[in-house]
Amino acid sequence: MSRRSSRRQQAVKPAIPPNIERGLTSLVDGNEILVASMLSIKTSKKNDDDADDDDKATKSSALVTALADCMTMNHLSAEALLGRFFTSSVLSAYCIAVLGVSGKGNEATLAARIGKKWSRPDFVATTARNNTTAEIERKKETNENAQTTIIAESSIGKRMSPSTEAKIKTAKKRKSNGSARYKNETKNEP
């Protein structure tokens, strides 16, 4: 009678493809605090400006490793991980700032868009992650104002369609409400 060894061999974790790892790295860059809080990983309270590049790279690689472990343990694809754990605002900002694609849609749509980009074997995050959420919102507002101006200028002397008129009215209301809101906020300050 032979006895079976009581030692069990540990299962080897399948490695994620390098393109997915590069994608996770580009997503974690700039979202370290969010990812760390999602994964319940404690980060130091030091100011990120004071931390050196090696420390940031170590934190980033630890977060990417934790996300990869989460993917492998739960048998999730990159798309499923993004759609399940990240909000649409984070995914939208990532699509616009890093991938240069549309940021419109819900979590599933944005996750599919990002997953499609990451699935390419030659994926590299092309643009730098310098845009903050406030800058992205400002760019969206600027684009909307520019579109309404173009619509208004192209229709001078012509009868506008009802949808065009509605767009112009909506843009004017937004513009006037925004300035009135700003005036009210400044009045309340001491």
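Residues numbered from 1 in each chain as written. Predicted model: local features only at pLDDT ≥ 70, side-chain atom pairs only at ≥ 80, totals over all residues. Heavy atoms only, no water.

1. Thoughts on unusual backbone geometry
The phi angle at Ser-40 is positive, at roughly 55 degrees, despite the residue not being glycine. Within the element layout of this structure, Ser-40 appears in the loop between helix H2 (32-38) and helix H3 (53-73). A residue is classified by how much of its surface remains accessible, and Ser-40, at 64% relative accessible area, is exposed. The phi dihedral of His-75 is positive, around 55 degrees, even though this residue is not glycine. (Helix = DSSP H or I, 4+ residues; strand = E, 2+ residues; numbered from the N terminus. Buried < 20%, exposed > 50% of the residue type's maximum accessible area, 1.4 Å probe, protein only.)

2. Points about the packing of helix H4 (residues 78-85) against helix H6 (residues 107-118)
Between H4 and H6, the least distance of the axes is 8 Å, while the angle of their chain directions is 150 degrees. Between H4 and H6, the crossing angle belongs to the class labelled roughly antiparallel. Seen along the crossing, H4 lies across H6 with a hand that is right-handed. Where H4 abuts H6, its residues Ala-78, Glu-79, Leu-82 and Gly-83 lie against Glu-107, Ala-111, Ala-112, Ile-114 and Trp-118. (Axes fitted to C-alpha atoms, helices over the stretch in contact; angles between N-to-C directions. Parallel < 35°, antiparallel > 145°, perpendicular 65-115°, else oblique. Left-handed = near helix turned anticlockwise from the far one by under 90°. Contact = heavy atoms within 4.5 Å.)

3. Focus: the packing of aromatic side chains
Between two aromatic rings, the relevant description is the distance of the centres plus the angle of the planes. Overall, the coordinates contain two aromatic pairs when judged by the stated rule. Centroid distance Tyr-94 to Trp-118: 6.1 Å. Interplanar angle 80 degrees. Geometry classified as edge-to-face. Of this pair, Tyr-94 sits in helix H5 (residues 88-99) while Trp-118 sits in helix H6, placing them 24 residues apart in sequence. The exposure class of Trp-118 is buried, given its relative accessible area of 0%. On the basis of an interplanar angle of 55 degrees and a centroid distance of 6.5 Å, the ring pair of Trp-118 and Phe-123 is categorised as tilted. Of the two residues, Trp-118 and Phe-123, neither departs from the other in class, the shared state being buried. (Phe/Tyr/Trp six-rings, centres within 6.5 Å; stacked < 30°, edge-to-face > 60°.)

4. A word on a nonpolar patch on the surface
A contiguous nonpolar surface patch, about 220 Å² in accessible area, is contributed by Leu-34, Met-38 and Phe-85. Structurally, the position occupied by Leu-34 is in helix H2. By relative accessible area, Leu-34 is classed as partly exposed at 32%. (Patch = residues over 30% accessible without salt bridge, like charges linked within 9 Å, V, L, I, M, F, W, Y side chains within 5 Å. Areas by Shrake-Rupley, 256 points an atom, 1.4 Å probe, with all protein chains shown as cover. Salt bridge = Lys/Arg side-chain N within 4 Å of Asp/Glu carboxyl O.)

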